[in-house]
Every structure is written in C-alpha cells, then in structure tokens.
Amino acid sequence: PPPDHVARILESQSQCALTLKANLEYLKGNARKALKLCAEAKFAGDRRRAILPTSSSPNDAAAAAEAVDRAVHHNNLALIHHASGRYHAALRYYAVALSSLESSATEPPHSGRSHCFGTDGTATSLPTAEILHNASLCAAAAGNFACAYECMARCVAA
C-alpha cells in the first residue's frame, strides 16, 4: 500500500473527480446518477479524513475542513434537487449546509472571515455566500419571497 500522504492525495483527487462527474451528470439532467456520485464523493472525503494523522488534542483546522466538506456536499445535493424542481428538499439541504458552517465557526458569523486553514496549511474558502445565493434563488423559485430576500441580504453582507 502507498504511504499515508500519497493515499491522502489520491483520495482527495478521487473526491474531486467524483464531484466533477456528479456535476457532469447534473448538467446532463441525470439527477439520480448525480445524487449517487455525490454520495460516493462524500465517502471518498470521509476516507481521506480517516487517513489523516490524528493528534491528542482536538484540531480546529480539521474540524473546520470537515465542516466545509459537509457544507459543499449538502450544497451539491441541494443544487440537484433545485434543478429537479424539488424546491423544499433543496431548501432543507441548504439549511443543513449553512448550519454545518455556522456550527464550526469559532468566530461570529459576520466577522468577515472568508476562509479557514487545513491541517496541511492550505487555505480553504468558506462557501457561505455561494450557499446563501443558491438558497435565495431556490426560495424565490418556491415562491417564498421573504426567505429569498433574507438569504440574499445575508449573502450580500457575507
């Protein structure tokens, strides 16, 4: 078997490849296959995190990176449901994505923080504004204009 750092890189590439394949199926209009590929990408991310070396103290960077992965996964699921016309299911996934980002934040939600750092020192941008924008469009499509306005206002403020 490959060394741990090589295995982690391969799992990361596998997760990215599966997410891109899911996006391709989403663009083709094949929602069922896109949902399956999103689930596979999530499992690849879970495997990648399982390979990461663990320390004795809780790692805020690892928790933040996991929250970002979870938020992106739920955002992708929401986009697929939104495109399929299942607006209420999509809004639920957007809410889960936002709550996973907010629960991992060590700073106030409107502190201007737009990125977090991974365990290897790489910066990962927080997708809060993108998720809020998508949720706003979905809420407007569902006819919930008050929620759409609220999400868009938070998006602009983020």
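Above this text sits the structure in question.
Please read these numbers as outputs of a predicted model, since none were measured by experiment.

Each value, and the rule that gives it
- Residues numbered from 1 in each chain as written.
- Predicted model: local features only at pLDDT ≥ 70, side-chain atom pairs only at ≥ 80, totals over all residues.
- Heavy atoms only, no water.
- Helix = DSSP H or I, 4+ residues; strand = E, 2+ residues; numbered from the N terminus.
- Buried < 20%, exposed > 50% of the residue type's maximum accessible area, 1.4 Å probe, protein only.
- Areas by Shrake-Rupley, 256 points an atom, 1.4 Å probe, with all protein chains shown as cover.
- Axes fitted to C-alpha atoms, helices over the stretch in contact; angles between N-to-C directions.
- Parallel < 35°, antiparallel > 145°, perpendicular 65-115°, else oblique.
- Left-handed = near helix turned anticlockwise from the far one by under 90°.
- Contact = heavy atoms within 4.5 Å.
- Nonpolar A, V, L, I, M, F, W, Y, C, P; charged D, E, K, R; others polar.
- Salt bridge = Lys/Arg side-chain N within 4 Å of Asp/Glu carboxyl O.
- Patch = residues over 30% accessible without salt bridge, like charges linked within 9 Å, V, L, I, M, F, W, Y side chains within 5 Å.
- Lys, Arg positive; Asp, Glu negative; His and termini not counted.
- Charge placed at Lys NZ, Arg CZ, Asp CG, Glu CD.
- Core = buried A, V, L, I, M, F, W, Y, C linked by side-chain atoms within 4.5 Å.

Of the regular secondary structure elements, the chain holds six helices and two strands. Ordering the α and β elements of the chain from the N terminus gives α-α-α-α-β-β-α-α. Looking at the chain as a whole, 32% of its 158 residues qualify as buried. Surface accessibility of the chain: about 9,300 Å² in total, with carbon and sulfur atoms responsible for 58%.

Time to look at the packing of helix H4 (residues 87-104) against helix H5 (residues 128-142). Contact geometry of H4 with H5 gives a least axis separation of 10 Å together with a crossing angle of 155°. When the interaxial angle is binned, H4 and H5 end up roughly antiparallel. Where H4 crosses over H5, the handedness of that crossing is left-handed. Across the interface between the two elements, Tyr87, His88, Ala90, Leu91, Tyr94, Ala97, Leu98 and Leu101 of H4 pack against Thr128, Ile131, Leu132, Asn134, Ala135, Cys138, Ala139, Ala141 and Ala142 of H5. In terms of residue class, the contact of H4 with H5 is built from 14 nonpolar, three polar and no charged.

This brings us to the pattern of salt bridges. Under the definition given, this model contains four salt bridges. For Glu25, the salt bridge identified is with Lys28, shortest N-O distance 3.6 Å. One end of the pair, Glu25, and the other, Lys28, are both in helix H1 (residues 4-28), three residues apart, so they sit about a helical turn from each other. A salt bridge links Asp46 to Lys42, with the nearest nitrogen and oxygen atoms 3.2 Å apart. You can see Asp46 and its partner Lys42 sitting in helix H2 (residues 31-51), four residues apart, about one turn around the helix. Judged by relative accessible area, which is 27%, Asp46 ranks as partly exposed. Residue Lys42 is classed as partly exposed on the basis of its relative accessible area, which comes to 31%.

Right, let's talk about a positive patch on the surface for a bit. A grouping of Lys21, Arg32, Lys33 and Lys36 is seen on the molecular surface, where their side chains present a positively charged patch. Broken down by element, the positive patch gets its largest block of residues, three residues, from H2. The class of Lys21 is partly exposed, set by a relative accessible area of 48%.

Side chains of nonpolar character tend, in soluble globular proteins, to be buried together. One finds Ala71, Ala90, Leu91, Tyr94, Leu101, Ile131 and Cys138 to be the most contacted residues of the largest nonpolar core, which totals 18 residues. Elements supplying a minimum of two residues to this core: helix H3 (60-83), H4, H5 and helix H6 (145-157). The element contributing the most residues to this core is H4, with six residues. Within the second largest apolar cluster, 10 residues are counted, among which are Leu18, Ala34, Ala44 and Leu77.

Locating Gln15 in the fold gives a position in helix H1. Exposure remark for Gln15: the relative accessible area of 14% places this residue in the buried category. Residues in contact with Gln15, not counting those within four places in the same chain, are Ala41, Ala44, Gly45, Arg48 and Asp69.

Here we come to the packing of H5 against H6. Axis separation between H5 and H6 bottoms out at 8 Å; the angle between their running directions is 160°. By the angle class used here, H5 and H6 are roughly antiparallel. Seen along the crossing, H5 lies across H6 with a hand that is left-handed. Residues Ala129, Leu132, His133, Ala135, Ser136, Ala139 and Ala140 of H5 form the contact with H6, whose own contacting residues are Phe145, Cys147, Ala148, Cys151, Met152, Arg154 and Cys155. For the contact of H5 with H6, the residue count by class is 11 nonpolar, two polar and one charged.

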